[in-house]
Amino acid sequence: MTNDKAFALYALALITAVGSLFCVAVATGIASIPPMAFIIEHVALAVFIRSAYKSFDGTNPVVDFLEFYGWKTPAIQAPADALPAGA
């Protein structure tokens, strides 16, 4: 996906769906709460997979994070033969 906000919304929807399934499974007695190490392992894997996915096109995950939350504005480079703004 080229749109980070769409990816974040999609990821949030997936996390919400999986969390809801876990809650229903635990509440009905079908399953038990997974150990904390299992949850931390999966969160770390998700972060590493996302970082690897973003690094394929040469982007920087830290810069993407800052730009996504508006803490850094993306640098826009004009072509060398572009006219000035007042022209």
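For the structure itself, consult the block above.
Attention in this report is confined to the structure presented alongside it. All residue numbers refer to position in the chain's written sequence, counted from 1. Side-chain atom pairs in this predicted model are given and counted only at pLDDT of 80 or more, local residue features only at pLDDT of at least 70, and totals for whole chains, interfaces and linings cover all residues. Hydrogen atoms and water are omitted, and side-chain values are computed over all heavy atoms in the structure.

1. Thoughts on the layout of surface pockets
Now for step 1: Only protein atoms enter the calculation, which uses a 1 Å grid: trapped sets of points that fit a 1.4 Å probe without letting it out are cavities, open sets showing protein on both sides within 12 Å along at least five of seven lines are pockets, and any residue with an atom within 4 Å of a point is a lining residue. Grid points are joined across faces, edges and corners, and a volume is the space filled by probe spheres set on the points. The computed volume of the largest pocket comes to approximately 1000 Å³.
Now for step 2: If you go around the largest pocket, you meet 30 residues; those closest to its centre are Phe-7, Ala-11, Ile-15, Ala-46 and Arg-50.
Now for step 3: Think of it this way: any DSSP run of H or I at least four residues long counts as a helix, any run of E at least two long counts as a strand, and we number them from the N terminus. Contributions of two or more residues to the lining of the largest pocket are made by helix 1 (4-28), helix 2 (36-55) and helix 3 (61-68).
Now for step 4: Ranked by residue count, the leading element in the lining of the largest pocket is helix 2, at twelve residues.

2. Quick look at helix 1
Now for step 1: Between the first and last C-alpha of helix 1 there are 36 Å, a value that for 25 residues agrees with the 36 Å anticipated at 1.5 Å per step.
Now for step 2: Residue Gly-29 follows helix 1 closely and has a positive phi angle near 85 degrees. Here the expected span of a helix is defined as 1.5 Å times the quantity of residues minus one.

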